[in-house]
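Residue-level structure breakdown
Listed below are the residues making up each chain.
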Amino acid sequence: MAHVGLIGIGVMGASFAQNLAEEGHSVSMLDRSIEKMQAVADAGKTLKGDLIICKDAEALIKSLPTPRTVLVLVPSGAPLDSVIEMVKPLLDKGDLIADLGNSYYKETERRTAELENLGLYFLGMGISGGAEGARHGPSIMAGGSRESWARVEGALKDAAAKFEGTPCCDWFGPGGSGHFIKMLHNGIEYADMQQIAESYGIMRDGLGMSAGDIADVYKSWMNGPLNSYLIEIAGEVAAATDPKTGGAMLDIILDKAGQKGTGRWSVVESLHLGQPNSLIAAAVEARNLSAQKDSRLEMETIFGASPTALGNSLGDRVDAINSLEQAMIAAKVCAYIQGFEILNAASNEFEWNLDLAAIARVWRAGCIIRSVFLDEISDVYDNGGRSNLALSPVFGQRLKDHIPALQQVTAASVAHGLHVPAMFAALSFHNMSRTGQSTANMIQGLRDYFGAHTFERLDDLGTAVNGPWHD
Ligand code: 6PG
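These numbers come from a predicted model, not from an experiment.

Describing the pairing of strand 12 (residues 460-465)
Burial of strand 12 is sparse: only 0 of the 6 residues sit out of reach of the surface. Here strand 11 (residues 455-457) pairs with strand 12 via 3 bridges, running antiparallel. Bridge pairing links Arg457 to Asp460 in strand 12. Hairpin connection, strand 11 to strand 12: the antiparallel pair is bridged by 2 residues.

A few points about helix 4 (residues 78-87)
For helix 4, every residue scored as buried is listed here: Leu80, Val83, Ile84 and Val87. Axial view of helix 4: buried residues confined to an arc of 100°, hence all on one face. Relative to its buried face, helix 4 has exposed residues pointing more than 90 degrees away, namely Ala78, Ser82 and Glu85. Check the buried side of helix 4 and you find it contacts strand 1 (3-7), helix 3 (57-63), strand 4 (69-72), strand 5 (96-99) and helix 5 (105-117).

Focus: the site of the ligand
The full set close to the ligand counts 13 residues, and Ser128, Asn186, Gln259, Lys260 and Ile368 are the nearest of them. Of all the elements in the fold, those that place two or more residues in the shell around the ligand are helix 8 (177-206) and helix 11 (262-272). Here the residues of the shell around the ligand are counted per class, giving 2 nonpolar, 9 polar and 2 charged. Inspection of the shell around the ligand shows a minimum of three residues originating in each of domain 1 (3-174) and domain 2 (183-433).

Focus: the pairing of strand 2 (residues 26-30)
The side chains of a regular strand alternate, residue by residue, between the two faces of the sheet. With 5 of 5 residues buried, strand 2 is to be regarded as a mostly interior element. Judged by which residues are buried, strand 2 turns out to be covered on both faces: Ser26, Ser28 and Leu30 on one side and Val27 and Met29 on the other are all buried. Note: strand 1 against strand 2, 5 bridges, orientation parallel. The residue of strand 2 that forms the bridge with Val4 is Val27.

Things to note about the nonpolar core
Membership of the largest hydrophobic core comes to 143 residues, with the highest contact counts inside it found for Ala17, Met29, Val72, Ala330 and Ala426. The leading source of residues in this core is helix 14 (residues 317-350), at 17 residues. Each of domain 1 (3-174) and domain 2 (183-433) gives at least three residues to this core. Ignoring anything within four residues of it in the chain, the contact list for Ala17 reads Leu6, Ile9, Val27, Met29, Val40 and Leu51.

Side note on the UniProt feature "domain: 6-phosphogluconate dehydrogenase C-terminal" (unreviewed entry) in the chain
Taking the numbering used here, the UniProt-annotated feature "domain: 6-phosphogluconate dehydrogenase C-terminal" (unreviewed entry) corresponds to residues 178-470. End C-alpha to end C-alpha, residues 178-470 measures 52 Å, and it is 63% helix and 3% strand.

Parameters at a glance
Residues numbered from 1 in each chain as written. Predicted model: local features only at pLDDT ≥ 70, side-chain atom pairs only at ≥ 80, totals over all residues. Buried ≥ 20, exposed ≤ 12 C-beta atoms within 10 Å, placed from the backbone. Helix = DSSP H or I, 4+ residues; strand = E, 2+ residues; numbered from the N terminus. Pairing = 2+ DSSP bridges. Arc of directions from axis to C-beta. Contact = placed C-beta atoms within 7 Å. Near = placed C-beta within 6 Å. Nonpolar A, V, L, I, M, F, W, Y, C, P; charged D, E, K, R; others polar. Domains from an automatic or database assignment. Core = buried A, V, L, I, M, F, W, Y, C linked by C-beta atoms within 7 Å. UniProt positions renumbered as here; feature names shortened; annotations may be inferred.

Next up, the structure:
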């Protein structure tokens, strides 16, 4: 059994410490709040491993067997750097620090280089699943040196979520690779959540449904390909009653979405990699626009409210919900095509040699985007599938089956003023992805016209030429 240090006993840290102790591992805890550590130690008295309260960093380091392992679960950025600065002088060569926060992967690379220069090890790990996951089994995505991974692999696999007995916990490559994968997990999480918000808008504003009726739709979708944790909790959120007013809780929640940055980073990084990311970008943009509540209210007084009822443009309610489910499936396939293509491009660019099947496998349980889709995606890659999921028989067929519904739902929504940027992005992405002859010849003509940037002729590929624009 392992004995590790854990710095940061917030909601996640407290849950993770108890999870490790339940598995029989001992945890030396350090936090500014003695009360928090005391509460964790009290609650964990019956657990197999020890939960030890340390009053300062010296006590924490002294309590650990060598070579030491110190897990850190504090906010990324400056708080993490100050924890590293605090423990660094107390550690010996060969000791390991593992960051379990949502760190930006380039900062993980910087920290890895700095600490390895001192003879220390550093692991950058994404953990997903919220407090519940941290307590009972998160999904864990690690990056760093193989040697350092070997030191913590056993304890982390014990603590991780299991999918049919297999731990959802893996090492993916050097440096910032684990945090890059976690960042992209969150980007996909943004896209999934935006699609759910759009389906909610179509049902609420387009079909005039109550939160309770909408909850029933999400519950019914759990029986089909959309079965996922986020659809499950969308059903619960829509079904909940506000204890204060007795009305639907959802109707009382202010429509301004928060964000901590991983969605935005996913967009920026995929742009750097030259990869389509339009569903995640639509999701980030929708959150940005949602935050401009005052401006939206003012605009509404000038232009009138945008959404209008769909009437029977999607048929009766049963037909409309059926088309919406199919549209959601098609849009979700597009989001995962983009997500895995971004991971593949990062793998090539940074020479990480990422195993796409293994990534899909650790996302099958424990994490926020867990779904039956991910089990199917891991099967595709395990059976030699190419990175573009549209080229696999199962996801290719889903697109063929459900793109017509996505077209229908998107067109009707746009015609009636409903805001469906992720569905629209999915459809545009699919339309261009399947078009052999795009319109980029016009872009090339324009670039050459104003800047002599050259283009290739279809009848003479490989040769840069100019057009006959100027005398
Ligand atoms: C997870 C989540 C988590 C993230 C929250 C909030 O995998 O457990 O992705 O890491 O912090 O979802 O993210 P936003 O505040 O950006 O929505």
